Amino acid sequence: MGRIAVRHVLDSVAWAIGIFGAVAFRYDFQLDQIHVDPLVAVWLLAALLQAVIGRLGHAYGTRHRIGTLAEVNSIFWVTLTTGLVVGAVVVLVGQSVMVPRSSILIAFPIAFVIMGGVRYLDRRFTELATRPPEGSARVLVYGAGYLGSTLVRRMLTDPSANLMPVGLIDDAPERRNTWVDGVRVLGTGADLEAVTRRTGATELVVAIARADAILLRQISDGARLAGLNVKVLPPLEEILSGKSRLRDLRDVSIEDLVGRRPIDTQFELVAGYVEGKRVLVTGAGGSIGSELCRQLFQFSPAELIMLDHDETGLQATQISLTGQGLLDGDDVVLASIRDAATIREVFEQRRPEVVFHAAALKHLPVLERYPEEAWQTNVVGTLNVLEAALAVDVGVFVTISTDKAANPISVLGMSKRAAERLTAWAALQSEGRYLSVRFGNVLGSRGSLVPTFASLIDSGGPLTVTHAEATRYFMTIPESCQLVIQAGAIGNPGEVLILDMGEPVRILDIANRMIEMSGRDIAIVFTGLRHGEKVHEELVGSDEVGRRPVHPLISHACVDPLDPGDLELERTWCRPTGSTSRPPTSAR
Ligand SMILES: Cc1cn([C@H]2C[C@H](O)[C@@H](COP(=O)(O)OP(=O)(O)O[C@H]3O[C@H](CO)[C@@H](O)[C@H](O)[C@H]3O)O2)c(=O)[nH]c1=O
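Residues numbered from 1 in each chain as written. Predicted model: local features only at pLDDT ≥ 70, side-chain atom pairs only at ≥ 80, totals over all residues.

## A closer look at the sheet that holds strand S7 (residues 250-251)
The pairing of strands in a sheet happens through backbone hydrogen bonds and is either parallel or antiparallel. Reading across the sheet, the seven strands line up as S3-S4-S2-S1-S5-S6-S7 and stay open at both edges, with mixed pairing between neighbours. Because the sheet does not close on itself, it has two edges, and the strands there are strand S3 (179-180) and S7. In the sheet, strand S1 (residues 137-142) pairs with strand S5 (residues 203-206) via four bridges, with the strands oriented parallel. Among the inter-strand pairings, Val139 is bridged to a residue of S5, identified as Glu203. Most of the contacts of helix H6 (residues 192-199) go to strand S2 (residues 163-169), to which it runs at about 145°, and overall it touches S1, S2 and strand S4 (183-187). (Pairing = 2+ DSSP bridges. Helix = DSSP H or I, 4+ residues; strand = E, 2+ residues; numbered from the N terminus. Contact = placed C-beta atoms within 7 Å. Axes fitted to C-alpha atoms, helices over the stretch in contact; angles between N-to-C directions.)

Shown next as structure tokens:
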């Protein structure tokens, strides 16, 4: 018998107990005074009405979860209506067939309490059967809001996850001592140590949808003192859509602690300029280019053309996007931005309408030693892409720049400053929106700080920190790309858009945290600032004024256009003599 049929039968039994019990009460349990046949008729009428009204009122379908308040509420109204109709019948004809009028008045609460009780027991048994098994990890959930409650419920109904929620933590004092599915809010972040001792918890799961790096650092420091392992959830959207499961909980990473900055994507804005368009990304095999491709793909461009000179990088991006890396389609283009003729040909053949220019050389110390390389790729290469775009009337062109272009003192910074200025020049030659987006360090990009420290830790250290006070602005790659794509929607021609990266973080703090998270004993050595390296980065140049007219995290500033005819004047930093750079020397 199906579950719904069983519930109909049980509710009929509830009415039987209610009606016969009420009459038995009425006659003081002198059963020989009871006329059974009319009572059976009244019971059958009640059972039939309960079923019909219940079906009409959707009280028996899958609309409500078993034993929830919503289900009991809907059963209440069905039972009350049934009771009223049956009661009216009894009032009209009951006297003549020896059914006492008061019987339904008493039968209704008895039947309803039994129906509610059966549902409660059903729910308890179901929950007990799916409870995490003995020996499951004891978990505290930080955040008793929607996400925390959903998580607790999932843990309680997914025995395979082996996670037993033993308490909730929430900083809102009014939530203290409230319950979520039998799990209590035991205190705030300040009580973490006491709550851990009391519950024997070993894990702490952060269930705060918009937790940023600062909050995660605070929680993680508290958890360390309490001896808890910190885990974080996959992105909220994935949880809500059911794409991710409990086992996708992962340890908190250095990226979470340093660069997390949840961003609201204004989808309509972005879809407006990407959807149905031919979109080309240069540097598609790199860290930023590949993430841009992944995000742009979701906005259904007519074509996504991934261009890079690094075939292996292109393959990795293709795999991450399409699940295959055969490299045999039109979606990947192998070409170097240094090669003007080839780039022009690609643009003429593929006629992109939107371009994200992410191809660049990026390593500051290397470019100090090889400035000509920075010139060829970051300046001439950018000009090549811009000219090809102008030739085919690209409508939106976004150059990816860096905070090192603000008050530049390095070859990297100066080359990217020139790229921003060339983009501003191109804006003057076109009807389209040609603009740059400038931001600081992205966490985890190839060859950057975090992967370098990670491999130094793997090999036993020491960690090399260039300056004890050095700070950088950090963001995760996905979050910075989200902002870049939004910036493309709101930027005006020739502008540079500057992403708000929050507070700068000390490199030494990152080194210390990574060592601590590794659980190993690793030394730190201070190596001294390298040529061209600033102690603190600036996002806005001293000659620039940033305004935020549209997006709260994106400033707009004007850039002085650079006519390609004047490029030679710009080249001073590129020459060994009189330049800020050091000529290559033999390996030290
Ligand atoms: C690799 C390494 C780095 N550092 C320091 C140097 C910097 O102050 C800071 C970050 O270093 P990196 O991750 O290499 O990033 P940085 O030189 O700032 O440049 C990056 O960030 C820029 C944005 O500011 C990008 O435009 C560049 O393309 C990118 O390479 O950490 C150390 O102290 N020790 C290290 O071993």
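## Overview of the domain arrangement of the chain
What the domain assignment lists for the chain is domain 1 (3-129), domain 2 (137-252) and domain 3 (269-441 + 476-501 + 539-574). Taking the mean C-alpha position of each, domain 1 and domain 2 sit 42 Å from one another. (Domains from an automatic or database assignment.)

## What to know about the UniProt feature "transmembrane region" (unreviewed entry) in the chain
Mapped onto this numbering, the UniProt entry gives "transmembrane region" (unreviewed entry) at residues 12-29, 35-54, 75-98 and 104-121. Spanning residues 35-54, this segment combines 95% helix with 0% strand, and its end C-alpha atoms are found 29 Å apart. Between the end C-alpha atoms of residues 104-121 there is a gap of 25 Å, over a span that is 100% helix and 0% strand. (UniProt positions renumbered as here; feature names shortened; annotations may be inferred.)

## Quick notes on the sheet that holds strand S10 (residues 332-334)
Here eight strands make up an open sheet; going across it, the order is S10-S9-S8-S11-S12-S13-S18-S21 and the pairing mixed. For this open sheet the edge positions go to S10 and strand S21 (554-558), each flanked by a neighbour on one side alone. Each strand axis lies, on average, 20° off the axis of its neighbour in the sheet, ignoring direction. Bridge analysis of strand S12 (residues 396-402) against strand S13 (residues 433-439) gives seven bridges, and the strand direction is parallel. Each bridged residue has a counterpart across the sheet, and for Phe397 the counterpart in S13 is Tyr434.

## Digging into unusual backbone geometry
Going from Gly461 to Pro462, the amide bond is cis rather than trans, its omega being 0°. If you trace the backbone, Pro462 turns up in the loop between helix H17 (449-458) and strand S15 (463-465). Positive phi, close to 55°, is recorded for Leu327, a residue that is not glycine. In this structure, Leu327 sits in the loop between helix H12 (311-322) and S10. Despite not being glycine, Asn407 has its phi angle at roughly 45°, a positive value. For Asn407, the location among the structural elements is in the loop between S12 and helix H16 (411-429). With 16 C-beta atoms counted inside 10 Å, the residue Asn407 sits in the partly exposed group. (Buried ≥ 20, exposed ≤ 12 C-beta atoms within 10 Å, placed from the backbone.)

## Re the nonpolar core
Core analysis: the biggest nonpolar cluster contains 133 residues, and Leu140, Tyr142, Val205, Val206, Val281 and Met306 have the highest contact counts within it. It is H16 that provides the largest number of residues to this core, a total of ten residues. Both domains that furnish three or more residues to this core are identified here as domain 2 (137-252) and domain 3 (269-441 + 476-501 + 539-574). Every residue in contact with Met306, bar those within four places of it in the chain, is listed here: Val281, Ala284, Cys293, Leu314, Thr317, Gln318, Asp331, Val332 and Val333. Within the second largest apolar cluster, 25 residues are counted, among which are Ala59, Val78, Val86 and Phe112. (Core = buried A, V, L, I, M, F, W, Y, C linked by C-beta atoms within 7 Å.)

## Points about the site of the ligand
For the ligand, the set of nearby residues contains 19 residues, the closest of which are Lys362, Thr402, Ser448, Leu449 and Thr466. Mapped by element, the contributors of at least two residues to the shell around the ligand are H17 and S15. By residue class, the composition of the shell around the ligand is five nonpolar, eight polar and six charged. (Near = placed C-beta within 6 Å. Nonpolar A, V, L, I, M, F, W, Y, C, P; charged D, E, K, R; others polar.)

## Observations concerning helix H13 (residues 340-350)
Those residues of H13 lying buried are Ile343, Val346 and Phe347. An end-on view of H13 places all buried positions within 95° of arc, on one side of the element. Opposite the buried face of H13, at more than 90 degrees from it, the exposed residues are Ala341, Glu348 and Gln349. If you follow the buried residues of H13, they end up packed against strand S9 (303-308), S10 and helix H15 (371-391). Looking one or two places after H13, you find Arg351, whose phi comes out positive at around 40°. (Arc of directions from axis to C-beta.)

## Here we look at the environment of Leu296
With respect to the element layout, Leu296 can be found in helix H11 (residues 287-297). The exposure class assigned to Leu296 is buried, which follows from the 23 C-beta atoms found within 10 Å. Distance from Leu296 to Ala211, taken between C-alpha atoms, is 25 Å for residues 85 residues apart in sequence. In this structure, Leu296 is in contact with Val274, Val279, Pro301, Leu304 and Ile485, ignoring residues within four places of it in sequence.

## As for the pairing of strand S11 (residues 354-357)
Residues Val354 and Phe356 point to one face of S11 and Val355 and His357 to the other, with burial holding for every one of them. Where strand S8 (residues 278-282) lies against S11, four bridges are found, and the strand directions are parallel. Bridge pairing in S11 links Leu280 to Val355. Bridging between S11 and S12 involves four bridges; their strand directions are parallel. If you follow Val354 over to S12, its bridge partner there is Val396.

## Brief notes about the UniProt feature "domain: Polysaccharide biosynthesis protein CapD-like" (unreviewed entry) in the chain
Under the feature "domain: Polysaccharide biosynthesis protein CapD-like" (unreviewed entry), the UniProt entry names residues 279-554. The straight-line gap between the two end C-alpha atoms of residues 279-554 is 23 Å; of that span, 42% is helix and 19% is strand.

## Here's the deal with the pairing of S5
In S5, alternate side chains face the same way, and those of Glu203 and Val205 on one face and Leu204 and Val206 on the other are all buried. The handedness of the S5 to strand S6 (residues 229-232) crossover, carried by helix H7 (residues 213-226), is right-handed. (Right-handed = clockwise from strand over helix to strand, strands pointing away.)

## As for the packing of H11 against H12
At their nearest, the axes of H11 and H12 sit 10 Å apart, and the two run at 25° to each other. Our classification of the angle between H11 and H12 gives roughly parallel. In the packing of H11 onto H12, the handedness of the crossing is right-handed. Packed against H11, whose contacting residues are Ser290, Cys293, Arg294 and Phe297, the element H12 presents Ala316, Thr317, Ser320 and Leu321 at the interface. For the contact of H11 with H12, the class distribution of residues is four nonpolar, three polar and one charged. (Parallel < 35°, antiparallel > 145°, perpendicular 65-115°, else oblique. Left-handed = near helix turned anticlockwise from the far one by under 90°.)

## A short note on H11
The buried fraction of H11 is high, at eight of eleven residues. Every buried residue belonging to H11 is among Ser287, Ile288, Gly289, Ser290, Glu291, Leu292, Cys293 and Leu296, and all of these are buried.

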